[in-house]
Amino acid sequence: MMSRVSKYILFISFCSLTACSAPTTNHQKYFRQYGTKSAFIDNRNLGSALELRLKYPDQDVVDLESEILIEFFLSNEEEKMGLTDDSLMSTRLKARVTYYHSFVALREHVNFQYPIFYNKQMKVGPISLSYMADEARQWITPTVTDRSYEVDGFFYSDARLKTFSTHFPALGTKVIVTYDVVYENVNYLANLFLHESFPIEKRNVILRIPSWLNMDVVEKNFEKFTIKKDTQTPEFSLVANHRRLVDLVRKKDRSSYDWYGNYPKSKEKKINPDDHSYITYQGAMLQGEIAEQAASGRTHNYPHVLFKVNSYKDPSGQTHQVLGSLENLYSWYRQLVLRIDNDPRVVKEKAQSLVAGLTEDEDRIRAIFYWVQDNVRYIAFEDGIAGFKPEPCQMVYTNLYGDCKGMANLLAEMLKAVGYDARLTWIGTRHIAYDYAEPSMAVDNHMICTVILNGKRYFLDGTEDLIELNDYAHRIQGRQVLIENGNSFLIDSIPDLPASRNISRFKGSFKIKGDQLVGKMEEDYQGESRTGTLRYFMDQRSERKSHALERFLNRGKPNHQVENIEQAPEFNRESQTHFNYDLTLNEHLVFHDSSAWLKLAVLELPYQIEMEPGRISDIDFGFKVNEIHEYSVEVPHNWTLGSLPGPVEVENEAFKLKLAYVYANGILTLHSEIIVYQGGISNNFKREWNHAQMDMLSFYQHYVVFKQKG
Amino acid sequence: MRLAFISVFLLFGLSSSAQNLDSTNLKWLGQLFNYRVSEINGLGEFKDTVEIPEKWKKNSAIILLEYARFFAEGSSNIPRYGVYTQTRVLLNDQYAVNDFSSFTIEPDEWFQVRVIKKDGNVILFDRRRAVTGDVRIYDAKKKIDISFTTEIRIPVPNLEVGDVIEYERFWENISDDPKDREGRLPFHSRYIRTYLHETFPVLKRVIDIDLRSPYYLKWQSLNSAPALQVRAGNPMYYSYRFVDEDRGNIKGEYWSAGNLELPQVKFSIQKAPKRQNARTETGLKAYSKDWFLAMAKEANSDYRNSHSGFYVPFNKSKEDVNFKLKRSIADFYAQFRRYYFIQENSPDDEFANYKFIITMARLLKKWNQDYELVMAVPKEFGTIDQVVFPDEVYWAIRLKESDIILGQFDVFSTINEWKNSVHGTTAYFVDFIGKNKRKGKIYSGQIPVQKELDNGYSYNLGVNLAGNELWVDRVCTYWGLSRFDQMGNMPYFVFDKDYKALYGEEYGMGIVPYFAFMDQKNLQRELENLSDRYWKDQFHLASAYLGMNLQNPYYKVENYELIEIRDGGREPSIPKLIYNDEFFAKGLVSRADSMLVIHIGRLLQSSNTLFDKEDSLRLTGIDFNAPKTVRVIIHFNVTNGYTFEGIEQFDTTISNRTGSYEVHAEASSEGFTLYATRTYSQAYFDKSYWPEIRELEDLTTRINAKHIILIPPPQSDRSDPTSTDK
């Protein structure tokens, strides 16, 4: 009888044969390379894996111990200034970021896809993977998928994604992954986050800063996390240790390496290692980043370091400025702007025709602003420097498509063509937590146009469809702007408009007919709630618009019957969007014995999001919510009030929530209101918000009780 | 973004985004087409400005012309084949402008787009703005690409409401690929099936086909689509033209039977083999009965595609004194299913069924069993008399003098089942009897129609109050075709009752290299642990999927837990998926003073559908997929002295030609029980039945909205019924 083990061997042979016809997985590759000597599963890992599994029940793997080492070095190439757009930013100063992960599987049979995002400014070095890190020879280079990465909202971007699959055959399997990324231009290394998509038990981020480099490191969002900072030379480095082992295998002279285990070909070899300073950040128990509902931008919530590289000295002792100051950042922007190659003659005629007959300045500006909004489609190309340099106005005008920079530039040139002082303006939207106090490549992600007229500044965002003049989307409100001003610049801020601008008002008057509420509804939308509504209808096919309107008003509820819809004859970005319609409601009224129980919340207040205990991100609703609902019903004369749900009223700096029934003169009225003053709820208000949510749910759970006479 | 072409003609291998297109990539944009354009015959006659009918003028866009020309020619050694299309669309609103704002094409296509302005000016696209996207899989150590795919994206310039956009695509291949000599063309257009209705009205659709010997066409117009016409032209070609006009756009409908009813055309371009055989049919019509017979005979001896390695061990089983045919077939089925879908890991293989059938036929021959090969066609492809391409045929096998049918082979299926879409259709049966099972005899027959009890599901719920929520524990049973829907929501390993025994061992074997240093005793123990843990993992995943799928607009499901899968529904004797689970349902309890309103109707699992006004007008019939029965039983426990009211309002009975809905409520000492049954008497109804279906759906919606009231005991006896531990 064939022993079990020999059966296994046969099976292994079979696997090897079948593997020939199927794509080779990385663990199969490993197995082929190193044979059966490898013991992938170390029972010592099993116990800790089981514990970790309890800690991270929804995760497949955890990074047990990891390190990111950041180094800076000078290339041999001479600095070339001003030859091409790309070279405007060129610098000999480069950065190498080396990642070292020790993954442990928390499940059986895990196929883990490791992602590396990069772009043209970054070079991803060879990726090494090992199931047996102690054996330095047993490293393999995995099969990698390298693809263009679609960035939301971009028709084309130079963003790319490398992925490779790592197979963990069983709970407790440990896999080491290491690779480095070289930033060809140090300016593109703007920040570095401690969290990743997988949980990390222990992570060190080591910055190795040469003495010839002048840089600042700004810590962001550290206060919410336990992250230790140390400025001593680290005693041990996983990356250094790994390099040393690799070098040993290569039979290199061990003595030629410093503590750090630099590659022998490194340009830094001759530099005294003592000429470095170190900053080490130690993070522990960093949970994997998850997509939280209505989350604000990552830079607002997750701990990270922001790099401000100011200058460096080359080996000859000459000091070179890098993008460490706002002046330098603007200077670079300015050089790009000077190379746009606009031909304003192409757009002049159109601009003049748009303002023909208009005498008021605001009307003239408005005409051009609205034309760009309505006619230029947003199609964005982001390719290296093209992510920062606007397209010539004539290109955007001819194509009728462009990105934010192209639209801003077209607006500026059209407005200039009819005599206005219009300027390109850089801005970072609310998604980004930085301002110009910390200038870097990460501070701006958007461009608009500023018109300066009689001392007033009009900020025009061509990408905001259906927004009126002097109105601003929440995403740019309150944000600093950098306005071009020849060789200097102006700093200003977009007005932060109050929540009252966004009122959406719902009003309904009903009568009781049988077990139904029958009445009339009115809905008004202003500000951002109006633009949102208008855009919804703009995105509908013409022949489906009436159907879409019906669906919009009945909110997809079978118990809402909508009829006789009246709306403003033409949707208009400058007036309220208004709907009147008849509404019949089922399921709001219950009769029991001589009682009638009534719920009058035709529409419950939306934005019912609980902030779970482990939530990291603040809530961001995307605009300053302001909804007022007022519903009334005529109560039959023979009904007397039994009981009303108690009112809810909460108001603090972050939000206002009010729900109250009033019964007077035979009319029952429900007034409900929610205002989120800054468009979001910070984690600091988590307790208040969650309490208010519970109170709101309880309020909606209760009926108003009436007694019927006779 | 448009993936332009006649919508269902082509499947593009899509990759993601892009890098700049350099000048070397621009070749495709110009050279290829220049010398071919003169060959596009007849298009000029459709160039005229067309009058738009009043009824379409308010549409988002109108397709003025959708033209396609397919051709195949060339010697048998170097065939040349391709397709040219031209589409012209009037854009009436911003939606249409955005929809046609960019195109994605393949790198070896010729493409041109023109924007025709209202004043007659024509704008061509800027070729420099085309960008490529790519996906590259490479072995960094060997420095070789394993695969590399690209796509090209083109932004359309100067597009405004009121413009006409006209785009052309041309793709051809001149190949000496040996595959081309096998009679199956490896290019997109070898088999086309397209519906004539689109998202936008189509004023005119023209399909020209020009073929030279040895290429030939097989064509069918279905569901009242116009017929194909022979076209006069170059005498060297067989030329055909299809013209269709004035097709309205379609809208989404609940249970739309559009795929069964809407006019469609389908055709294949075939190449006659050098040597004529019984399967060589060069006529324009669909394949004949003789062709099916030849196909069946070929399949019956298609040992090349059968799985010899798997078949051999079973071949010997007849020698076993305990051989029982039904049991052996069931064993073979289960093990081949496991081998094919788990070991070979090919759950989406469209040819799995065929491969299973021919392997099974081979085995039955060895077992000396008489059998029939069955060839059917899924309903949406038309009838058995309308087949134009071999891959339209669906294969099954039926044993003579036995009730065993092997009609479906996929991850979740078992024996004695037909594929859903062939129920009630006419099929060809070819029997293979006698000693050598080679002489087939063909006849046509009907595949049985299903009944409402053949498929369905039932939920048996125990419901308790827990605070302001309901605690629900359920036993869920799915049978017939309905079980596939639910099984598809879970990892397929989890259903196999004997999975642990069968696959657990293999799983252990698969990872034995990782334990190479362990002694035999420890190894065995470790493998058992692994298998156990793996099973639990799969179960955990299944639980997560099921919990997610229970979410609905009326109540929130929390703390969902799958307790046990009692049966995976893949055993031939009991093809039922049975499991039990539990969860909290939040949002179904309201309060009126001390009374509780329980919105229990929401747990009855019937219609949650919202019908708008436009749903009263139906364009197509109703396709329920299969006749079925849905049963829900709710046992509600009322505790702590509370009494209840309102169960009588659930009592209802209604039936019509489309099915029935019946709810019955009963009080018991523990509380009350609701019994609800909804039946769907047929899979398909024409649209005249819609009012009757609405009658049932509206009633279920009303019953869903009903509640019961829990009344507290007199003050002195009262304790909160919501104080349950759960």
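One numbering rule holds for all chains: residues counted from 1, following each sequence as written. Throughout, the order in which chains and ligands are written sets their labels, letters from A for the former and numbers from 1 for the latter. Only residues with pLDDT of at least 70 are given local features in this predicted model, and only at 80 or more are side-chain atom pairs given and counted; all residues enter the totals for whole chains, interfaces and linings. Hydrogens are left out, water is left out, and the side-chain values use all remaining heavy atoms of the structure.

**Q** Before we go on, may I ask you to explain the overall build of chain B in this structure?
**A** Within chain B, the secondary structure is distributed over 11 helices and 34 strands. Each residue's exposure class comes from its accessible area (1.4 Å probe, protein chains only) as a fraction of the maximum for that residue type: buried when under 20%, exposed when over 50%, partly exposed otherwise. Evaluated residue by residue, chain B yields a buried proportion of 58% over its 726 residues. Sequence-distant contacts, at least 24 apart, represent 75% of the contacts inside chain B between residues at least 6 apart. Split by element, the accessible area of chain B, about 31,100 Å² in all, is 49% carbon and sulfur. In this description a helix means any DSSP run of H or I spanning at least four residues, a strand means any run of E spanning at least two, and both kinds are numbered starting from the N terminus. By definition, residues are in contact when any of their heavy atoms lie within 4.5 Å. Note on areas: Shrake-Rupley, 1.4 Å probe, and residue coverage restricted to the protein chains presented here.

**Q** Hey, could you run me through the nonpolar core in this one?
**A** Note that soluble globular proteins tend to have their nonpolar side chains buried in a common cluster. In this description, a nonpolar core means a group of buried Ala, Val, Leu, Ile, Met, Phe, Trp, Tyr and Cys residues linked to one another through side-chain atoms lying within 4.5 Å. Of all hydrophobic cores here, the largest spans 117 residues; its most connected members are A:Ile70, A:Phe72, A:Leu93, A:Leu207 and A:Leu460. With nine residues, helix α10 (residues 404–417) of chain A is the largest single contributor of residues to this core. Those residues in contact with A:Leu460 that sit more than four places away from it in its chain are A:Ile365, A:Phe369, A:Leu411, A:Leu415, A:Ile448, A:Cys449, A:Val451 and A:Leu469. Within the second largest apolar cluster, 115 residues are counted, among which are B:Tyr478, B:Met487, B:Ala585 and B:Val630.

**Q** Could you clarify how one ought to interpret the sheet that holds strand β20 (residues 421–427) of chain A in this entry?
**A** In sheet architecture, strand pairing relies on hydrogen bonds along the backbone and comes in two forms, parallel and antiparallel. Residues and elements named next belong to chain A. Here a strand pair is declared whenever DSSP counts at least two bridges between the two strands. Reading across the sheet, the five strands line up as β22-β21-β20-β23-β24 and stay open at both edges, with antiparallel pairing between neighbours. Strands at the two margins of the open sheet, each flanked by one partner only, are β22 (456–460) and β24 (488–493). Averaged over neighbouring strand pairs, the angle between their axes works out to 35° when direction is ignored. In the sheet, β20 pairs with strand β23 (residues 480–485) via three bridges, with the strands oriented antiparallel. Bridged to threonine 425 within β23 is isoleucine 483. Only C-alpha atoms enter the line fits that serve as axes; for helices the fit covers just the stretch in contact. Angles between N-to-C directions range over 0 to 180 degrees. Strands in contact with helix α6 (residues 326–338) are β20, β23 and β24; relative to β23, the strand with the most contacts, it is inclined by about 55°. Against the sheet, helix α8 (residues 361–375) engages β21 (446–453) and β22, with an angle of about 15° to β22.

**Q** Explanation requested: helix α7 (residues 352–366) of chain B in the structure shown.
**A** Residues spaced three or four apart along an α-helix point in a common direction, a consequence of the helix completing one turn every 3.6 residues. When the terminal C-alpha atoms of α7(B) are compared, their 21 Å separation across 15 residues agrees well with the 21 Å that a helix rising 1.5 Å per residue should span. In terms of burial, α7(B) is a largely internal element, 13 of the 15 residues being buried. One less than the number of residues in a helix, times 1.5 Å, gives the span that helix is expected to have.

**Q** Which parts of the structure should I look at to understand a nonpolar patch on the surface?
**A** Each patch is built from salt-bridge-free residues with over 30% relative accessible area, joining like charges within 9 Å and nonpolar side chains (Val, Leu, Ile, Met, Phe, Trp, Tyr) within 5 Å. A pair is scored as a salt bridge if a Lys or Arg side-chain nitrogen falls within 4 Å of a carboxyl oxygen belonging to Asp or Glu. A surface patch of nonpolar side chains, amounting to about 280 Å² of accessible area, comprises B:Leu541, B:Tyr545 and B:Met548. Mapped onto the elements, B:Leu541 comes out in helix α10 (residues 520–549).

**Q** What is the right way to look at the side chain of A:Ser672 in this model?
**A** With respect to the secondary-structure elements, A:Ser672 resides in strand β36 (residues 667–676). With near-sequence residues (within four places) excluded, A:Ser672 lies in contact with A:Leu605, A:Glu627, A:Ile628, A:His629, A:Lys658, A:Leu659 and A:Tyr700.

**Q** It is not clear to me how the pattern of salt bridges should be interpreted in this structure. Could you clarify?
**A** Two side chains of opposite charge can pair, provided their charged atoms sit close to one another. Residues and elements named next belong to chain A. In this structure the tally under the stated criterion is 69 salt bridges over all chains. Here lysine 220 and glutamate 438 are joined by a salt bridge, their closest N and O atoms 2.8 Å apart. Separated by 218 residues along the polypeptide, lysine 220 in strand β12 (residues 213–220) and glutamate 438 in the loop between β20 and β21 bring together distant segments of the chain. Both residues of the pair, lysine 220 and glutamate 438, belong to the buried class. Between glutamate 362 and lysine 456 there is a salt bridge whose closest N-O contact spans 3.7 Å. Of this pair, glutamate 362 sits in helix α8 while lysine 456 sits in strand β22, placing them 94 residues apart in sequence. Overlapping salt bridges bring together Glu362, Asp363, Arg366, Lys456 and Glu574 as one network.

**Q** Honestly, α10(A) in this entry has me stumped. Any pointers?
**A** Residues and elements named next belong to chain A. The end-to-end C-alpha separation of α10 is 20 Å, in line with the 20 Å expected for 14 residues at 1.5 Å each. Within α10, 13 of the 14 residues are buried, which leaves it mostly tucked inside the rest of the structure. One or two residues past the end of α10 sits glycine 419, with phi positive at roughly 95°.

**Q** How do you make sense of the sheet that holds strand β17 (residues 394–399) of chain B when you look at a structure like this?
**A** Residue and element names in this part refer to chain B. Across the sheet, five strands lie side by side as β18-β17-β16-β19-β20; this open sheet has antiparallel pairing. Edge strands, defined here as strands with exactly one partner in the open sheet, are β18 (405–406) and β20 (440–446). Relative to β20, strand β19 (residues 426–432) runs antiparallel, the two sharing seven bridges. Looking at the pairing, threonine 426 lines up with glutamine 446 of β20.

**Q** Please explain the environment of B:Thr673 as it appears in this structure.
**A** Residues and elements named next belong to chain B. Relative to the assigned elements, threonine 673 resides in strand β32 (residues 671–680). Note: C-alpha distance between threonine 673 and isoleucine 633 (40 residues apart in sequence) is 6.9 Å. A polar contact of 3.3 Å, which involves the side chain of threonine 673, links it to the side chain of histidine 635. Residues adjacent in sequence count toward polar contacts only when both atoms are side-chain atoms; beyond that, a polar contact is any pair of N or O atoms within 3.5 Å, and within protein one must be able to donate a hydrogen and the other to accept it.

**Q** Would you mind showing me how to read the confidence of the model for chain A here?
**A** Keep in mind that low pLDDT regions are not for reading the predicted coordinates in detail. All names here are of chain A. A residue's pLDDT is simply how confident the predictor is in it, with values from 0 to 100. The pLDDT averaged across chain A works out to 85; a share of 86% of its residues lies at or above 70. Low pLDDT, under 50, characterises residues 30–39; the stretch is placed with 31 contacts to residues that sit more than four places away or in other chains. Confidence drops under pLDDT 50 across residues 80–85; counting only partners more than four residues distant or on other chains, this segment forms 14 contacts.

**Q** Honestly, the packing of helix α7 (residues 345–355) of chain A against α8(A) in this entry has me stumped. Any pointers?
**A** For any two helices packed against each other, one specifies the inter-axial angle together with the distance between the axes. Residue and element names in this part refer to chain A. Two elements in contact, α7 and α8, have axes whose closest approach is 8 Å; the angle formed by their N-to-C orientations is 120°. The angle between the axes of α7 and α8 places the two elements in the oblique class. Crossing of α7 against α8: the hand is right-handed. When α7 is examined against α8, the residues Lys350, Ala351, Leu354 and Val355 are found in contact with a partner set consisting of Arg364, Ala367, Ile368 and Trp371. In this scheme, roughly parallel covers angles under 35 degrees and roughly antiparallel covers those over 145, while 65 to 115 is roughly perpendicular and the rest are oblique. Crossing chirality is assigned from the near helix's rotation relative to the far helix, an anticlockwise turn below a right angle marking it left-handed and a clockwise turn marking it right-handed.

**Q** Help me understand the packing of aromatic side chains in this model?
**A** Given two aromatic rings, one states the distance between the centres and the angle between the planes to describe the pair. Residue and element names in this part refer to chain A. Aromatic pairing here means that ring centres of Phe, Tyr or Trp (its six-membered ring) are within 6.5 Å. Orientation follows from the plane angle: under 30 degrees is stacked, over 60 is edge-to-face, and everything else is tilted. According to the stated counting rule, one finds 75 aromatic pairs over all chains in the structure shown. Each ring, one from tyrosine 114 and one from phenylalanine 198, has its centre 6.1 Å from the other, and the planes form 35°; the classification is tilted. Here tyrosine 114, found in strand β3 (residues 110–118), pairs with phenylalanine 198, found in the loop between β10 (191–193) and β11 (200–210); they are 84 residues apart in sequence, far enough to count as distant. With a relative accessible area of 1%, tyrosine 114 lands in the buried category. Judged by its relative accessible area of 2%, phenylalanine 198 is buried. Among the aromatic residues, ring-to-ring pairing joins Tyr99, Phe103, Phe112, Tyr114, Phe164, Phe168, Tyr179 and Phe198 into one connected group. A positively charged side chain is recorded as over a ring if its NZ (Lys) or CZ (Arg) lies within 6 Å of the ring centre. The angle to the ring normal must also be within 35 degrees. The lysine or arginine in question, arginine 555, covers the ring of phenylalanine 552, its NZ or CZ lying 5.2 Å from the ring centre.

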